[in-house]
Each structure stands twice: as C-alpha cells, then as structure tokens.
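Take a look at the letters that make up each chain.
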Amino acid sequence: MTVSPALDRSNHPRVWRLPGVYRPQEDSFLLAAALQDAGGTRNAKVLDFCTGSGFLAVTAARSGAASVTALDIAPRAVLTARLNARSRRLPINVLRGDLDVAAQHGPFDVVLSNPPYVPHDGECIDPRWDAGPDGRCVLDPLCDGLPNLLSPGGFALLVHSEFTGVGETLARLRAAGLGASVVARDRIPFGPVLHSRAQYLQQARLIEQGEATEEVVVIRADRSESGR
Ligand SMILES: C[S@@+](CC[C@H](N)C(=O)[O-])C[C@H]1O[C@@H](n2cnc3c(N)ncnc32)[C@H](O)[C@@H]1O
C-alpha cells in the first residue's frame, strides 16, 4: 500500500546550507516520512547517498542510527553536511565520492538516497538535479549496485519523480535480485527547475502542454535475509 503522508515539517531538522547546495524540499521530506513509516534507523548502519546538506543523514542519526555514512560528489555539499553533523555532534562520517567510495564503507543496513533525477536536454547540467536525458544517470548505477551495498535483511529507500520512470526503477531493482515496491507518493506543483524544463519534458512526451504538477515517489528495495 502506498501513502501520501501529510508532511509535517515541524519535526524536520533545520540544516545550514552553503550557497549552491540543494535545499531540502518535498522529495527530501517525503523520503524522511517514509523512513519514519519504515520504523526509523535504531542501531542501524546507514548510508545517505547524495547527501547534499546532510538533511537525511541528520534525520537518520537523530532516529538512533548506530552510524551514518553520508556521501556527495560536490565539495560544498560535503562541507555543509560536515557542518550540520558536527554542530549537532552526530555520528555521521561525511565523505566526498560516488558509489565506489560507498562500497568501500559498506555493507549497510539502510541506504537512503535522493539522487539527482530531472531529465534534461544536453544543455543544462547542474549535479544537484540534472541526471541525463532520461533522468537516470545516477539512479541506474545505484539500483544495480544496491545488492552489494545492502546487508542481508537490509533495505533502501529511494525517491524520484514519476518523470524518471517508476516502472524502470522497480524492474531494475527486481532484476538485481531485490524486492521492490512503491511505499509513498506525493503530487506537488512544479518548482522553478521543472518550470524551466517544461519544454523539454513536453518534447520527450513526459507531460502534456500546460501540465505543472509531478508525482514524487519513494521506492523501497529489500535484500532478503538469506542475502540472495
Ligand atoms: C537532489 S540533491 C539531494 C540532497 C539531499 N539528499 C536532500 O534530500 O536534501 C542530489 C545531491 O546529489 C549529489 N550528487 C550528484 N551526483 C552524484 C553522484 N554521482 N554521487 C554522489 N552524489 C551526487 C549532488 O551534489 C546533490 O547534492
């Protein structure tokens, strides 16, 4: 069953943010709500892949994680996430890097990721959200790599837009040997980034003319206890 949780922002951690670092927003909040619904992270070893400000890493650490590894490729994001972790004295190890670095520090009981997922033409590349013509250039390697990142019995929560292809993500995770299902969804108005991409989304037949909302979806992936 999927839910559209009422996103209660009052409970979210307030994070510092250097210029150019992603501002936690509806997708971040939907994933945080899904984590709470999944029972939190008590005593778990957690990875926050694509951490940005560290918002999800801080959320995981505050809900009792034994340790959190937070990764981002952007130096300013790494600095920001370190600032947010250290100012709260939380057990978060913030590292600069990609999936290879994540693999060196795994496996993890819980993997969280709000990766860049906005489809775009060749022109616009901002690693906070741009992710290739189909929006999947970070998501696909993550789906393929999850079996190696997760401990047996571990789970992942990934968030992305309907425009990135929910069916593709579910199929890719299942092909990698994981259980996969949609656990939360929320329909939100386009922000400035999607407004600026509306023409491309229309050309790619992802939206109709005048459409200005998107559904954001959280997908849960489970590795079985037997590790298969
Ligand atoms: C949509 S933001 C999410 C930030 C944060 N998790 C949140 O929800 O507020 C995506 C983040 O992924 C980072 N990123 C982009 N490509 C990456 C990659 N290949 N490996 C690690 N981080 C990446 C960007 O620098 C950006 O901070």
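Up top you'll find the structure we're talking about.
Here the structure is a predicted model, which is why all the values come from computation and not from measurement. (Residues numbered from 1 in each chain as written. Predicted model: local features only at pLDDT ≥ 70, side-chain atom pairs only at ≥ 80, totals over all residues. Heavy atoms only, no water.)

Trainee: Summarise the overall build of the protein chain; cite the residues concerned and give the values.
Mentor: Along its length, the protein chain carries eight helices and seven strands. Here the protein chain has a C-alpha radius of gyration of 16 Å; the compact-globule value for 228 residues is 17 Å, and the two agree. Each of the three principal axes of the protein chain carries a C-alpha extent, and together these read 50 × 40 × 35 Å. Looking at the protein chain residue by residue over its 228 residues, the buried ones come to 53%. Of the contacts made within the protein chain by residues no fewer than 6 positions apart, 72% connect residues no fewer than 24 positions apart. Here the protein chain has roughly 10800 Å² of accessible surface; of this, 49% comes from carbon and sulfur atoms. (Helix = DSSP H or I, 4+ residues; strand = E, 2+ residues; numbered from the N terminus. Rg over C-alpha atoms; globule rule 2.2 N^0.38 Å. Buried < 20%, exposed > 50% of the residue type's maximum accessible area, 1.4 Å probe, protein only. Contact = heavy atoms within 4.5 Å. Areas by Shrake-Rupley, 256 points an atom, 1.4 Å probe, with all protein chains shown as cover.)

Trainee: Give a detailed account of the site of the ligand, specifying residues and quantitative values.
Mentor: Near the ligand there are 19 residues, and of these Ser28, Cys50, Asp72, Asn114 and Arg128 occur at the shortest range. The separation between an oxygen atom of the ligand and a polar side-chain atom of Ser28 is 2.9 Å. Here a nitrogen atom of the ligand and a backbone polar atom of Ile73 are 3.3 Å apart. For the ligand, whose free accessible area comes to 600 Å², the fraction covered by protein is 96%. (Near = heavy atom within 4 Å. Polar contact = N/O pair within 3.5 Å; in protein donor to acceptor, adjacent residues only side chain to side chain.)

Trainee: Before we move on, could you go through the nonpolar core and cite the residues and values that matter?
Mentor: Counting 42 residues, the largest nonpolar core has Val46, Val68, Ile92, Leu112 and Leu157 as the members making the most contacts within it. Judged by nonpolar contacts, the second largest core, of 26 residues, contains Phe49, Cys50, Phe108 and Leu139. (Core = buried A, V, L, I, M, F, W, Y, C linked by side-chain atoms within 4.5 Å.)

Trainee: An account of the pattern of salt bridges is needed here, citing residue identities and associated values.
Mentor: Scanning the entire structure with this criterion turns up eight salt bridges. A salt bridge links Arg172 to Asp144, with the nearest nitrogen and oxygen atoms 2.9 Å apart. Of the two residues, Arg172 sits in helix H6 (residues 166-175) while Asp144 sits in helix H5 (residues 139-149), which places them 28 residues apart along the sequence. We classify Asp144 as partly exposed; its relative accessible area is 39%. The shortest N-O distance in the salt bridge between Glu162 and Arg187 comes to 3.4 Å. Of this pair, Glu162 sits in the loop between strand S5 (150-161) and H6 while Arg187 sits in strand S6 (residues 179-189), and the two are 25 residues apart along the sequence. Taking the relative accessible area as the measure of exposure, Glu162 reaches 28% and is therefore partly exposed. On the accessibility criterion, Arg187 (45% relative accessible area) is partly exposed. (Salt bridge = Lys/Arg side-chain N within 4 Å of Asp/Glu carboxyl O.)

Trainee: Help me get a handle on the pairing of strand S3 (residues 92-96), residues and values and all.
Mentor: Where strand S2 (residues 67-72) lies against S3, five bridges are found, and the strand directions are parallel. Paired with Ala70 across the two strands is Val94, which belongs to S3. Handedness of the S2-helix H3 (residues 75-87)-S3 crossover: right-handed. (Pairing = 2+ DSSP bridges. Right-handed = clockwise from strand over helix to strand, strands pointing away.)

Trainee: How would you explain the packing of H5 against H6 if you had to name every residue and give the values?
Mentor: Contact geometry for H5 and H6: axes closest at 8 Å, N-to-C directions at 30 degrees. Of the possible angle classes, the one that applies to H5 and H6 is roughly parallel. For the element pair H5 and H6, the recorded crossing hand is right-handed. Residues Leu139, Asp140, Cys143, Asp144 and Leu146 of H5 pack against Thr169, Arg172 and Leu173 of H6. (Axes fitted to C-alpha atoms, helices over the stretch in contact; angles between N-to-C directions. Parallel < 35°, antiparallel > 145°, perpendicular 65-115°, else oblique. Left-handed = near helix turned anticlockwise from the far one by under 90°.)

Trainee: Requested: an account of the packing of aromatic side chains, with residues and values cited.
Mentor: Per the stated rule, a full pass over the model turns up three aromatic pairs. Ring centres of Phe29 and Phe55 lie 5.6 Å apart, and the angle between their planes is 70 degrees; this geometry places the pair in the edge-to-face category. Taken together, the residues Phe29 in helix H1 (residues 26-37) and Phe55 in helix H2 (residues 55-62) connect sequence positions 26 residues apart. Side by side, Phe29 and Phe55 carry an identical accessibility label, which is buried. (Phe/Tyr/Trp six-rings, centres within 6.5 Å; stacked < 30°, edge-to-face > 60°.)

Trainee: For the sheet that holds strand S1 (residues 45-49), give the residues involved together with the corresponding values.
Mentor: Backbone-to-backbone hydrogen bonds pair the strands of a sheet. The strands run either parallel or antiparallel. Spatially, seven strands are ordered S3-S2-S1-S4-S5-S7-S6 in an open sheet, and the strand pairing comes out mixed. Single-partner strands in this sheet number two, and they are S3 and S6. Going from strand to strand, the sheet's axes swing by 15 degrees on average, the running direction of each strand aside. In this sheet, S2 lies alongside S1 in parallel orientation, the contact comprising five bridges. When the bridges of S2 are listed, Lys45 appears paired with Ser67. This element, H2, spans S1, S2, S3 and strand S4 (108-113) of the sheet and lies at about 175 degrees to S2. Against the sheet, H3 engages S2 and S3, with an angle of about 170 degrees to S3.

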